[in-house]
Structure formats: structure tokens, C-alpha cells
Amino acid sequence: MTLTSPAKDDALVLRFWGVRGSTPVSGPETAEFGGNTPCLEVRCGERLFVIDAGSGLSAFGRGSREGLPKEIDLLFSHLHLDHSAGLPFFKPAVLDAECTINTWCGNLDGASAQGALDRLFSPPLFPVTLDILPCTFRHHGFQAGETLTFADGARVDTILLDHPQGSTGFRFDHGGKRLCVISDIEHGAHWPDPALCRFVENADLIVYDGMFTESEYSRCCGWGHSTWQKGVELAKGAGAKALAIIHLHPAHSDAQLRKVEAEMQAEMPTAFIARERQSIEVGRPLVGLAEPPVLALARRA
């Protein structure tokens, strides 16, 4: 499902490369929605951002060999393994001596990801250290809630989310469109949260953590995740036009997810469960929700 036409300067395009939470899964019962852990590709015109380095990062690298710039900004929501373990497998970028990968991490009280990644990717947990790879890593720390401003003038707004050790949400405004990525998050007792509502207000698309069903959530309070129902409440409260659910439970089959999606669309017709490798042109009018949903925001084969 590669975009076949050149990116327009004002286009805001999202592609899902990994939508599972906690651990990758495989098998025929998860083939439709996919089994890779979180990785999202965001294109503001030709400008690339990558969110998270789960196992989906490897698939993104393989699928983007001709379209990777020599400098890549990788935005970490946080560093739990399902969001970071794919980093050394980001080929061809990590094998390119001319490539620089900038990591951005906002949930460590201003510290960068370097210390945590150096511990993770070293013996005996991993056979080599990141500095063995031909590419150059540059690690940047910030406080979630700050606006990130890049050398080329690009800007990304951020917000701190309720998750063990914290997580960072991101907002992209480009070409008159707004995309908000809100994962990993646990909803609070007073929901939707006013500060989060302001952050995602009038979004063309909110990407939201809907890992649990309501019955599952009652047994998993404090784990740092949410439900599709709370995503719908947030979207409606903020005047958002569409909602995509990610961080899918590894035990949820395609059949179960299709059932959940139908229930969700009965409450919000422009809501859907994200599918791996699905491409969305944010802000385009929604079309019929027939073929696996969506919805066009825009899906290309």
C-alpha cells in the first residue's frame, strides 16, 4: 500500500507500520490488522517524522528504501521495549554511513534516550552497541509539553501523557490539517481531560491507545492504557473529525477487532481500528466505510 503519487507540499500523510502493543504477534488470526509493535510514518509534504521504534520500524525501513532522507527525526513516545526494540533493525538507515538519526525523547525529565538505549543495546542483552552501526545517532532530550522546533523550521507540539514512567503525545499541524498521536495513555476519572482536549481540539485525526476492552480495563487499571470508548469520548469532546485506534492488544484476533470496530463505528462513524501499512491522507473527506474501513482519508495499494 505505497503512496503512488508524489507528496503534495500541503499534504499531511500518516502511515501505520506497527499497531500492536506490548509484544509482536504473528499468525493467520492477526494478518488483517498486523502484528508489529508501534511505528508511525508522518509526512508533512516531503518532510519525514517517524514516531516510535517498535518492530514496525524494520518494516518501514524495508518499505522505504528509496524514500529515506539522509537525516531522520525519530520521535519516541517513550522507551518501553515495544517502542524501542526495533531500532537496530532500521535498515537501510542504520547501515548508511551518510545517514544521521536524531532521537527525541520527552518523558525522562529532560534527559535524552542515549543512556537507556546504550544499556539496552549492549551485551549481554544485545550482541553489539549502537556505535558499531555505520549511521550517526544524535540524541536529544526535552520536557514533554514543549514545542519541538527543528533546524528547517518544522514544529511539533508535545504533551505529557499518563503512563508508567510517562509518555509523550505529538501534534502535527501542516497545510491546514491537524494530526494528533496520543499513545500510550491511561484515561483518568475526570474524562475527557481538559488539557488534552485543548491539545487535540479540532484535530482532523486523533490516533489513540485503545488496547483494552472495557471489561479488560477493569482488571488492568494502572497499566497505562485505555479503551476505544474513552477515545471516542475524547474525540467528540474535542471536536475531532476522525479517530484511529492503535496499540492493539496482542491477544485480540482479527475477528474480535472487526467486531470492536463495528461497535465503535455505531457511536462514531469516522472511527476505525488502524491496520498495519495503511496510509491516510489526513483531512481528506471520509468515504464509505466498506472496504476495510477507511476510509479515506486515503489508502493506496
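Residues numbered from 1 in each chain as written. Predicted model: local features only at pLDDT ≥ 70, side-chain atom pairs only at ≥ 80, totals over all residues. Heavy atoms only, no water.

(A) Looking closely at the sheet that holds strand 10 (residues 177-182). Spatially, 7-8-9-10-11-12-13 is the arrangement adopted by the seven strands of the open sheet, whose pairing is mixed. Every other strand in the sheet has two partners, leaving strand 7 (147-149) and strand 13 (271-273) as the edge strands with one partner each. The sheet shows a mean angle of 20° between the axes of neighbouring strands, direction not considered. Note: strand 8 (residues 155-161) against strand 9 (residues 167-174), five bridges, orientation antiparallel. Bridge pairing in strand 9 links Leu161 to Ser167. (Pairing = 2+ DSSP bridges. Helix = DSSP H or I, 4+ residues; strand = E, 2+ residues; numbered from the N terminus. Axes fitted to C-alpha atoms, helices over the stretch in contact; angles between N-to-C directions.)

(B) Quick peek at the side chain of Ser167. For Ser167, the location among the structural elements is in strand 9. Overall, Ser167 belongs to the buried group, its relative accessible area being 0%. Reaching out from Ser167, the side chain makes a polar contact with the backbone oxygen of Ser183 at a distance of 3.3 Å. When residues no more than four places from it in sequence are discounted, the contact partners of Ser167 are Ser77, His78, Asn107, Ile159, Leu160, Leu161, Ser183 and Asp184. (Buried < 20%, exposed > 50% of the residue type's maximum accessible area, 1.4 Å probe, protein only. Polar contact = N/O pair within 3.5 Å; in protein donor to acceptor, adjacent residues only side chain to side chain. Contact = heavy atoms within 4.5 Å.)

(C) Quick peek at the pattern of salt bridges. The final tally for this structure, using the stated rule, is 14 salt bridges. Its salt-bridge partner being Glu98, residue Lys70 comes within 3.7 Å of it at the nearest N-O pair. With a gap of 28 residues between them, Lys70 in the loop between helix 1 (56-63) and strand 4 (71-76) and Glu98 in the loop between helix 2 (81-84) and strand 5 (100-105) connect regions that are remote in the sequence. Residue Lys70 is classed as partly exposed on the basis of its relative accessible area, which comes to 44%. A salt bridge links Glu261 to Arg275, with the nearest nitrogen and oxygen atoms 3.1 Å apart. With Glu261 in helix 7 (residues 254-267) and Arg275 in the loop between strand 13 and strand 14 (279-281), the pair connects residues that are 14 residues apart, well separated along the chain. A residue is classified by how much of its surface remains accessible, and Glu261, at 5% relative accessible area, is buried. (Salt bridge = Lys/Arg side-chain N within 4 Å of Asp/Glu carboxyl O.)

(D) Structural view of the packing of helix 6 (residues 228-238) against helix 7. The contact between helix 6 and helix 7 brings their axes to 11 Å, and the two run at 25°. The angle between helix 6 and helix 7 falls in the class roughly parallel. For the pair helix 6 and helix 7, the sense of crossing is right-handed. The segment helix 6 lies against helix 7, with Trp228, Val232 and Lys236 engaging Val260, Glu263, Met264 and Glu267. Across the contact of helix 6 with helix 7, the residue classes break down as four nonpolar, no polar and three charged. (Parallel < 35°, antiparallel > 145°, perpendicular 65-115°, else oblique. Left-handed = near helix turned anticlockwise from the far one by under 90°. Nonpolar A, V, L, I, M, F, W, Y, C, P; charged D, E, K, R; others polar.)

(E) Looking closely at a positive patch on the surface. On the surface, Arg62, Arg65, Lys91 and Arg277 cluster together into a positively charged patch. Position of Arg65 relative to the elements: it lies in the loop between helix 1 and strand 4. (Patch = residues over 30% accessible without salt bridge, like charges linked within 9 Å, V, L, I, M, F, W, Y side chains within 5 Å. Areas by Shrake-Rupley, 256 points an atom, 1.4 Å probe, with all protein chains shown as cover. Lys, Arg positive; Asp, Glu negative; His and termini not counted. Charge placed at Lys NZ, Arg CZ, Asp CG, Glu CD.)

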